[in-house]
Amino acid sequence: MEQFKTARDAAHALRPDMPVYCFRPQVLRADALTFKSAFPGKTAYAVKTNGEDMVLRELAKAGIDCFDVASPAEFAAARAVAPDAELFYTHPVKAQSDIRLALETYRIRILAVDHEDEVAKILRTVRGLDLDPEEITLLVRLASRGHAAYELSKKFGAAPGHAAELVQRIAGIGFRVGLCFHVGSQVEDTDTYERALASAAWVRSRSGVPIELLDIGGGFPAPYGHDPRRKAPPHPDTGELVAEVVREASEWGFDDVPMVAEPGRVIAARSFSLIVRVLLKKGKRLYINDGIWASLSDSWTGKITLPARLLPDPARRKRTGDPANVVPFKVCGATCDSVDILSRPFFLPETVNTGDWIEIGHIGAYSLALRTRFNGFYPDTFVEVTTPFEAGGPAESFASVETMAD
Ligand SMILES: *Cc1c(COP(=O)(O)O)cnc(C)c1O
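Fair warning: this is a prediction, and the values are worked out from it, not measured in the lab. (Residues numbered from 1 in each chain as written. Predicted model: local features only at pLDDT ≥ 70, side-chain atom pairs only at ≥ 80, totals over all residues. Heavy atoms only, no water.)

Entries for the protein chain in the domain assignment read domain 1 (3-21 + 269-398) and domain 2 (40-262). The interface of domain 1 with domain 2 comprises 20 residues on the first partner and 17 residues on the second. Between domain 1 and domain 2, the buried area comes to about 1600 Å², and carbon and sulfur atoms account for 66% of it. Where domain 1 meets domain 2, there are one salt bridge. A salt bridge links R371 to E52; its shortest N-O distance comes to 2.8 Å. Here the side of domain 1 that touches domain 2 is built from residues that sort into 13 nonpolar, four polar and three charged. (Domains from an automatic or database assignment. Contact = heavy atoms within 4.5 Å. Buried area = accessible area lost by both parts, 1.4 Å probe. Salt bridge = Lys/Arg side-chain N within 4 Å of Asp/Glu carboxyl O. Nonpolar A, V, L, I, M, F, W, Y, C, P; charged D, E, K, R; others polar.)

Pasting the structure below:
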């Protein structure tokens, strides 16, 4: 991979017309180690956040030896970089054939469930393979409610009373029992974790069954930008937030239970930025070469405020306007689809024009992973950049103006 000091250097050298992902392996390693050293249990990176081989490889080098996986492709991706990695199969609803593959081929021994029929599916495969249920830990996924930017808890999870029954049933069969939850993504308050821990403690005492593992899921927030017209909201420090959640787990009586966390965003977000090019400026609209069907899928650009920085094309010598005057531009994506317009404006110097580049920071989580080939546009160009996004000069503008609390 070609290496540059900054995204600006890459833009000037390559003058790219295609979107270019700037990978920062040092930042990825640092953020992985920050989490891993703050969390006393096992750190299982959530592969769905960004499952690129270069990312998994770097994480394995950084000592991440547990991965949270949900599909055969993710089993394979994790084992390709770390053959001895421990895999946590935390999808509560699995195909029968995938359960078999997990147990037989990948020797996965920790799986999540939130319904008795899923337990029956797993048991069928366990019997078919003549495995001892005692070798396998089933994590009962608890329903949780909270204030995540993305509420993933509505879809999965057993209500407390149901979870206690499931725990008893699983223990009765002879499986080992754990509890898990996933409170959503970009969760900035620890109350949400605390509510989930309270629920886990209730299920544990109600069921009266020994709990051998507590998996607190992901959801830990990554730093993003903020509305330039408002005061920056304080971003919780990862180490402090993790310590607080661990303290709460101990207060709820989980001191003696081994723990797992499944961070995704907090590890991957800062490790990539994206260089996009302005293909046309039309008044207050910018047409760029990426969009909601590629790296900027609208589901999250509407909620997360991405930092962005204008990289003016030095070949354009005549500019009109004042570079210090930062104004909102409506951003239209690369495809011909009329919904391919970002829901929030980019705030950029009014001097921005056709041919300029924009570096969008902190897009390592849920951007590359959500790319489609729609309309034939599929960004897939990578360079390595050695300077963190924040150190590459001030981000004068922001790709979205909504704050996380909205
Ligand atoms: C998506 C997911 C994660 C990772 O979530 P982040 O918000 O990126 O930390 C962890 N666990 C489960 C079960 C998930 O579905």
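That was the structure; now back to the text.
Another point: the site of the ligand. In the region of the ligand, 16 residues are neighbours, and K48, S185, E262, R265 and Y366 sit closest. Within the side chain of Y366, a nitrogen or oxygen atom sits 2.6 Å from an oxygen atom of the ligand. For the ligand, the accessible surface in isolation is 390 Å², of which the surrounding protein chains cover 92%. Counted by class, the shell around the ligand contains three nonpolar, eight polar and five charged residues. (Near = heavy atom within 4 Å. Polar contact = N/O pair within 3.5 Å; in protein donor to acceptor, adjacent residues only side chain to side chain. Areas by Shrake-Rupley, 256 points an atom, 1.4 Å probe, with all protein chains shown as cover.)

Looking now at the packing of helix α2 (residues 25-38) against helix α3 (residues 53-61). Between α2 and α3, the least distance of the axes is 9 Å, while the angle of their chain directions is 50°. Viewed along their axes, α2 and α3 adopt a mutual orientation that is oblique. As for how α2 packs across α3, the hand of that crossing is right-handed. Of the residues in α3, those touching α2 at P25, L28, R29 and A32 are V55, E58 and L59. Its residues placed into classes, the contact of α2 with α3 shows five nonpolar, no polar and two charged. (Axes fitted to C-alpha atoms, helices over the stretch in contact; angles between N-to-C directions. Helix = DSSP H or I, 4+ residues; strand = E, 2+ residues; numbered from the N terminus. Parallel < 35°, antiparallel > 145°, perpendicular 65-115°, else oblique. Left-handed = near helix turned anticlockwise from the far one by under 90°.)

Turning to the pattern of salt bridges, a few remarks are in order. Scanning the model with the defined rule gives 22 salt bridges in all. The closest approach of N and O atoms between R57 and D53, which form a salt bridge, is 2.9 Å. Of this pair, R57 and D53 both sit in helix α3, separated by four residues, roughly a single helical turn. One salt bridge connects R176 with E212, and the closest N-O pair in it is separated by 2.5 Å. Note that R176 is positioned in strand β8 (residues 176-180) and E212 in the loop between α8 (190-207) and β9 (213-215), a separation of 36 residues in sequence. Owing to a relative accessible area of 29%, R176 belongs among the partly exposed residues under this scheme. Residues joined in a network through salt bridges with shared partners are R15, D17, R277 and D313. (Buried < 20%, exposed > 50% of the residue type's maximum accessible area, 1.4 Å probe, protein only.)

Here the UniProt-annotated "modified residue: N6-(pyridoxal phosphate)lysine" (unreviewed entry) positions come out as K48. Residue position: K48 is located in the loop between β3 (42-46) and α3. A relative accessible area of 43% places K48 in the partly exposed class. Apart from residues no more than four positions distant in its own chain, K48 is found in contact with E74, Y366 and A369. (UniProt positions renumbered as here; feature names shortened; annotations may be inferred.)

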